Amino acid sequence: MGRLVEYSLGGKAPLNRSPSRTVLVTGGSAGIGGQLTLSLAQAGYHVYFVGRQSDRGRALEDRVQDQGGRATFVAGDLSSQHGVAQLADRVRALLPPRGLDALVNNLGGVAPAPRTTSDGVETTFASNFVHPVLLACLLLPELQAAQGRVVQMSTGYHHLVRLTRADLTGRRWDCGMNVYGRAKLLSVQAGEVIGLRWRNRGVGWHFADPGMAQTPLTRSMTPRDFPWYGRFLFSPVRHVQGCIPLEWCASSTLRLLTRTPPRDTGAYVLPGPVVLPRALVGFDRRAGANGLAFSYRWFLPEYRPLVESTTGE
Ligand SMILES: NC(=O)c1ccc[n+]([C@@H]2O[C@H](COP(=O)([O-])OP(=O)(O)OC[C@H]3O[C@@H](n4cnc5c(N)ncnc54)[C@H](OP(=O)(O)O)[C@@H]3O)[C@@H](O)[C@H]2O)c1
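Scope of this entry: the structure provided in the associated data block.

Cut-off values and rules
- Residues numbered from 1 in each chain as written.
- Predicted model: local features only at pLDDT ≥ 70, side-chain atom pairs only at ≥ 80, totals over all residues.
- Heavy atoms only, no water.
- Helix = DSSP H or I, 4+ residues; strand = E, 2+ residues; numbered from the N terminus.
- Near = heavy atom within 4 Å.
- Polar contact = N/O pair within 3.5 Å; in protein donor to acceptor, adjacent residues only side chain to side chain.
- Areas by Shrake-Rupley, 256 points an atom, 1.4 Å probe, with all protein chains shown as cover.
- Buried < 20%, exposed > 50% of the residue type's maximum accessible area, 1.4 Å probe, protein only.
- Contact = heavy atoms within 4.5 Å.

Some thoughts on unusual backbone geometry
Trans peptide bonds make up most of the peptide bonds, and negative phi angles are found at most residues other than glycine.
(1) Moving on: Positive phi outside glycine occurs at Gln-147, with the angle close to 50 degrees.
(2) Moving on: You can see Gln-147 is positioned in the loop between α5 (140–145) and β5 (149–153).

Pasting the structure below:
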């Protein structure tokens, strides 16, 4: 358990086309999530995908159905904890009795300036960590019913930052990308710990790095979101992003969901055949357990007991 099972995932084993499996993709109507919706439906999943704009969602729903797949758009705004809980209720009402085979916590975000959500949580930590963890806890019974797994969308940027207590207490805000990297690092470290604690429930917790691409998120960013030494690279990186197909970004999640053995946890998968040794992932169980325990104060009183009781020791 916790091994890098993806090492064996890049082989020529046939894809499991999962005829009756269900997956929920947050931020699944555009960008990398939009491609995930298409690719997972092609792999045989019934994809429930989330976004705010219904016209965009309906158009993608039609596109998947035209290709012979099954996708259901579920409207929801995941920018607050109540929004996450409302979405969980909507999804629960739609799922078949066998439950949810996979939750892809794809939605993330980079804030251009320090700000908090309506719940009083720093926005970037909320969108990349608090809301994904809350959604997973709310849907845990459905995941357990199907012996499912959570896939947390990650980023290579978490390798470039360190996470200190000052970051968790919200006393440090240098630039959007660095805060984003720290929030993703917390989600990797704490996510590994949650996955280990959920092993006895039969629910795995994995990580997919999508590489990079041009999406609504990256198109909205400016050089000011990067530290000064990274601003010189902004234009070349944007050019490279424009050349990378979204299918490539979706491939890490697709590989995880079609080839990771059930009941495994803690796989960190990159797009393509690249293998990242476990020592380089950034896992740190002690930091993850401490960060997770610290984070409980970010959850609203109505959700904190659930999150604490399901993810705690
Ligand atoms: N793009 C990259 O180069 C890159 C690199 C590394 C990691 N990642 C990670 O990959 C994931 C996806 O990235 P992305 O660039 O594709 O993101 P994105 O462009 O922000 O994703 C857009 C999708 O999110 C939905 N969305 C946005 N805000 C929402 C909200 N408040 N509630 C519900 N849905 C919302 C949009 O639909 P509506 O507008 O209709 O709501 C749309 O479906 C993120 O976790 C990101 O950190 C991306």
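Next, the rest of the story.
Side note on the site of the ligand
(1) Moving on: Around the ligand sit 30 residues, and of these Ser-29, Arg-52, Asn-106, Tyr-180 and Thr-215 come closest.
(2) Moving on: One of the side-chain N or O atoms of Arg-56 is found 2.8 Å from an oxygen atom in the ligand.
(3) Moving on: Burial of the ligand by the protein chains amounts to 93% of its free accessible area of 890 Å².
(4) Moving on: Of all the secondary-structure elements, those providing two or more residues to the shell around the ligand are α1 (31–42), α7 (176–197) and α8 (216–219).

Examining the environment of Asp-119
(1) Moving on: Structurally, Asp-119 is set in the loop between β4 (102–105) and α4 (123–138).
(2) Moving on: Take Asp-119: its relative accessible area is 18%, and that puts it in the buried class.
(3) Moving on: C-alpha of Asp-119 to C-alpha of Ser-79: the two residues are 40 residues apart in sequence and 9.4 Å apart in space.
(4) Moving on: In contact with Asp-119, other than residues within four places in its own chain, are Ser-80, Gln-81, His-131 and Leu-300.
(5) Moving on: At 2.8 Å, the side chain of Asp-119 forms a polar contact with the backbone nitrogen of Gln-81.

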